[in-house]
Amino acid sequence: MEFTAKQIASFIEGRIEGDENAKITTFAKIEEGVPGAISFLSNPKYTHYIYNTKSSVILINEDVELTQPVNATLIRVKNAYECVAKLLQLYQSFIPKKTGISPMAFISESAKIGKDCYIGAFAYIGDNVEIGDNSQIHPHAVIEDRARLGKECLIYPNVTIYKECKLGNNVTIHAGSVIGADGFGFAPNAEGYDKIPQIGIVTIEDNVEIGANTCVDRSTMGTTTIHKGVKLDNLVQIAHNVEVGENTVMSAQVGVAGSTKIGKWCMFGGQVGISGHINIGDKTFLGAQSGVPGNIKGDTTLIGTPPMEPKAYFKSIALTRKLPEIYKQLNELQKQVEELKKTLNNGNV
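Residues numbered from 1 in each chain as written. Predicted model: local features only at pLDDT ≥ 70, side-chain atom pairs only at ≥ 80, totals over all residues. Heavy atoms only, no water.

Colleague: Help me get a handle on the overall build of the protein, residues and values and all.
Modeller: Broken down by element type, the protein carries 4 helices and 39 strands. Taken over the C-alpha trace, the protein has a radius of gyration of 28 Å; the compact-globule value for 349 residues is 20 Å, which it surpasses by more than 25%. Expressed as lengths along the three principal axes of its C-alpha atoms, the size of the protein is roughly 100 × 75 × 30 Å. Counting every position in the protein, which comprises 349 residues, the buried fraction comes to 38%. Taking contacts inside the protein between residues at least 6 apart in sequence as the whole, the part at least 24 apart equals 17%. Counting only carbon and sulfur atoms, one obtains 53% of the accessible surface of the protein, whose full area is about 20,000 Å². Each charge class in the protein can be summarised by its mean position, and for the 34 positive and 37 negative side chains these summaries are 4 Å apart. (Helix = DSSP H or I, 4+ residues; strand = E, 2+ residues; numbered from the N terminus. Rg over C-alpha atoms; globule rule 2.2 N^0.38 Å. Buried < 20%, exposed > 50% of the residue type's maximum accessible area, 1.4 Å probe, protein only. Contact = heavy atoms within 4.5 Å. Areas by Shrake-Rupley, 256 points an atom, 1.4 Å probe, with all protein chains shown as cover. Lys, Arg positive; Asp, Glu negative; His and termini not counted. Charge placed at Lys NZ, Arg CZ, Asp CG, Glu CD.)

Colleague: Describe in detail the environment of Ser-290, supporting the description with residues and values.
Modeller: Within the secondary structure layout, Ser-290 lies in the loop between strand S37 (284–286) and strand S38 (291–292). Residues Ser-290 and Gly-245 lie 45 residues apart in sequence; the distance between their C-alpha atoms is 19 Å. Beyond its immediate sequence surroundings of up to four residues, Ser-290 is in contact with Gln-271, Val-272, Gly-273, Leu-302, Ile-303, Gly-304 and Thr-305.

Colleague: How would you explain the sheet that holds strand S14 (residues 136–137) if you had to name every residue and give the values?
Modeller: Taken in spatial order, the 11 strands of this open sheet run S8-S11-S14-S17-S20-S25-S28-S31-S34-S37-S39, and their pairing is parallel. Of all strands in the sheet, those with a lone pairing partner are strand S8 (100–101) and strand S39 (300–302), marking the two edges. Note: strand S17 (residues 154–155) against strand S20 (residues 172–173), 2 bridges, orientation parallel. Note on S20: the bridge partner recorded for Leu-154 is Thr-172. (Pairing = 2+ DSSP bridges.)

Colleague: Describe the nonpolar core, with residues and values.
Modeller: Soluble, globular proteins show a tendency: their nonpolar side chains are buried together. Of all hydrophobic cores here, the largest spans 49 residues; its most connected members are Ile-137, Ile-155, Ile-161, Ile-238, Met-250 and Phe-268. With sequence-adjacent residues up to four places away left out, Ile-238 is seen in contact with Cys-215, Val-216, Asp-217, Thr-224, Ile-226, Leu-232, Val-244, Met-250 and Val-256. Membership of the second largest hydrophobic core comes to 15 residues, among which are Ala-9, Ile-75, Val-77 and Cys-83. (Core = buried A, V, L, I, M, F, W, Y, C linked by side-chain atoms within 4.5 Å.)

Colleague: Account for unusual backbone geometry, naming residues and giving values.
Modeller: Generally, phi is negative for residues other than glycine and the peptide bonds are trans, each holding for most cases. Cis geometry marks the peptide bond from Thr-305 to Pro-306, where omega comes out at -10°. In this fold, Pro-306 is placed in the loop between S39 and helix H3 (310–321). The phi torsion at Asn-128 lies on the positive side, around 60°, for a residue other than glycine. With respect to the helices and strands, the residue Asn-128 is situated in the loop between strand S12 (124–125) and strand S13 (130–131).

Colleague: Talk me through the environment of Ile-210; I want residue IDs and the actual numbers.
Modeller: On the secondary structure map, Ile-210 appears in strand S25 (residues 209–210). Residue classification places Ile-210 among the buried residues on the basis of a relative accessible area of 0%. Separated by 126 residues in sequence, Ile-210 and Val-84 have C-alpha atoms that sit 22 Å apart. Excluding its chain neighbours within four sequence positions, the residues that come into contact with Ile-210 are Thr-172, Ile-173, His-174, Ser-177, Ile-179, Ile-204, Val-216 and Leu-232.

So far we have only geometry, and geometry alone does not tell us how the molecule works.
Shown next as structure tokens:
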């Protein structure tokens, strides 16, 4: 595939500085640019690369001021990061999708498969499963009995979707993820633990993407719900009866304990831990490794354990670094106080 700078600028509504006929055949990071590549600059830390990059075209924000001439053709846009995302989506749309059903896949006679679906070798489709049009089920994926998938779903290899779980349209689940395994429910007794049967399901709404090796557990009763537009990174754990609000995003290794309700448009950094049976309000932003033991009203940015405002958190961290010195000073002060006491007591005798 080949495009010119003029064609690209027209697609993303950008303004060209340089050769509008510069030809593009690939993408590259600005620091690894090659002739015929398009790169982008959105982080000021990478500005110095623009002067020496070999990429032919660079997407750059309108307000960036350059101090030296550049060899590449520039396309100035309002938001370079958003524009490169659009171009990557365009590029991906040209990649042909697989279609057809492999003779080595197992598909129950009672399953309903939509039009133009792809089902790869050794995939398993159970009884009364429903799969919508244009969905892709890659090799070794398992879709258990009575599960339902909407249209345009993309299920990568070795994904397991347990019985009766429901997926909406345009849901992507990456390799190794498990949807609908039992929630972690056990009741202690004198001899050990009695398992509490998990008889609910998982419901995943439209336009959700779930990363590799992520687990969303089925509910004890009712449903664990991932609302539309949610994006979960790799290695995320969503426990039973959790509800994740629309357009919330979570980075890798986030863990959400059972029966917690998370609002819309939240953003959680890596390794955030959320305790169970609490409510997290809309537009809550949690920094990496935050630990949340209680409710959060929302419309806030927090970090730490327990979470606090970033300014207070970084002040606390600064003080923590001084603790050895403060501890030493306290010991010296305590010795001085003891000596003063001895002196005063001797003077009173």
